[in-house]
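# Architecture at a glance
The lines below spell out each chain.
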Amino acid sequence: YSVVLVLSLSLIVSCSTSEDDSPNNAVQIEQLENTAETGTWRVTNLVDSGEDETSDFNGYDFTFSSNGTVTATNGTTTYNGTWSVTNDDDDDDDDSDVEFNLFFPVPDTDDFEDLNDDWDIVNYSDTVINLIDVDDNGVDTDVLTFERN
């Protein structure tokens, strides 16, 4: 009986700490926010459900503001949305513990709707942000890449 109790307690203790609460996540979130907020960005790759839709965003410059707003403009048309970098609260099997969230309040038929997602971070640098989203069935993988102008 005492062996079962000790094992049960050790399992509870070992499971109570989540990777999502890691101090490294807070550092990664802050670094990615600072990176995105610096300069303007363009979409250099968008594959949505297997279709290359990169050209839908030709000429658009994206500005990620520290107040959580994102603006995409091509000189004549402007889209306003929201963005954030947060801990991934899903227990899925991807390698990313941090999400890049984008939302543009547009109809489902609008090209910008394809950007609306809680993207997982593949990697990022001062000049590139690579994002991915795998659907709940694990079938479709969407890819989004921003590059600094």
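This one's a predicted model, so the numbers in the text were calculated from it and none came from an experiment.

## Examining the pattern of salt bridges
For the structure shown, the criterion picks out one salt bridge. Residue Glu 147 pairs with Arg 42 through a salt bridge whose shortest N-O separation is 3.8 Å. Pair noted here: Glu 147 is in strand 9 (residues 141-148) and Arg 42 is in strand 1 (residues 41-48), with a separation of 105 residues, a long-range link. Looking at Glu 147, the relative accessible area reads 28%, which means it is partly exposed.

## Structural notes on the pairing of strand 8 (residues 128-134)
Burial of strand 8 is one-sided: the residues Ile 129, Leu 131 and Asp 133 facing one way are buried, the residues Val 128, Asn 130, Ile 132 and Val 134 facing the other way are not. Pairing of strand 7 (residues 117-124) with strand 8 involves four bridges; the strand directions are antiparallel. Bridge pairing links Asp 120 to Ile 132 in strand 8. Where strand 7 folds back on strand 8, the antiparallel hairpin that results is connected by three residues.

## Observations concerning the packing of aromatic side chains
Overall, the coordinates contain 13 aromatic pairs when judged by the stated rule. With a centroid separation of 5.1 Å and 75 degrees between ring planes, the pair formed by Tyr 60 and Phe 112 is classed as edge-to-face. Of the two residues, Tyr 60 sits in the loop between strand 2 (51-52) and strand 3 (61-64) while Phe 112 sits in the loop between strand 6 (98-103) and strand 7, which places them 52 residues apart along the sequence. With centroids separated by 6.4 Å and ring planes inclined at 40 degrees, the aromatic side chains of Phe 100 and Phe 146 adopt a geometry described as tilted. Separated by 46 residues along the polypeptide, Phe 100 in strand 6 and Phe 146 in strand 9 bring together distant segments of the chain.

Parameters at a glance
- All chains use their own residue numbering, which begins from 1 and follows the written sequence.
- Where local features are concerned, this predicted model is filtered to residues with pLDDT of at least 70; where side-chain atom pairs are given and counted, the filter is 80 or more; whole-chain, interface and lining totals use all residues.
- Note: side-chain values were computed over all heavy atoms of the structure, leaving out hydrogens and water.
- Within this document, salt bridges are pairs made up of a side-chain nitrogen of Lys or Arg and a carboxyl oxygen of Asp or Glu, the two lying within 4 Å of each other.
- In DSSP terms, a helix is any run of H or I states spanning at least four residues, a strand is any run of E spanning at least two, and both are numbered starting from the N terminus.
- When accessible area is computed with a 1.4 Å probe and restricted to protein chains, residues below 20% of their type maximum are described as buried, those above 50% as exposed, and intermediate ones as partly exposed.
- Two strands qualify as a pair provided that DSSP identifies no fewer than 2 bridges between them.
- Aromatic contacts are taken between Phe, Tyr and Trp rings whose centres are within 6.5 Å, Trp giving its six-membered ring; a plane angle under 30 degrees counts as stacked, one over 60 as edge-to-face, and the others as tilted.

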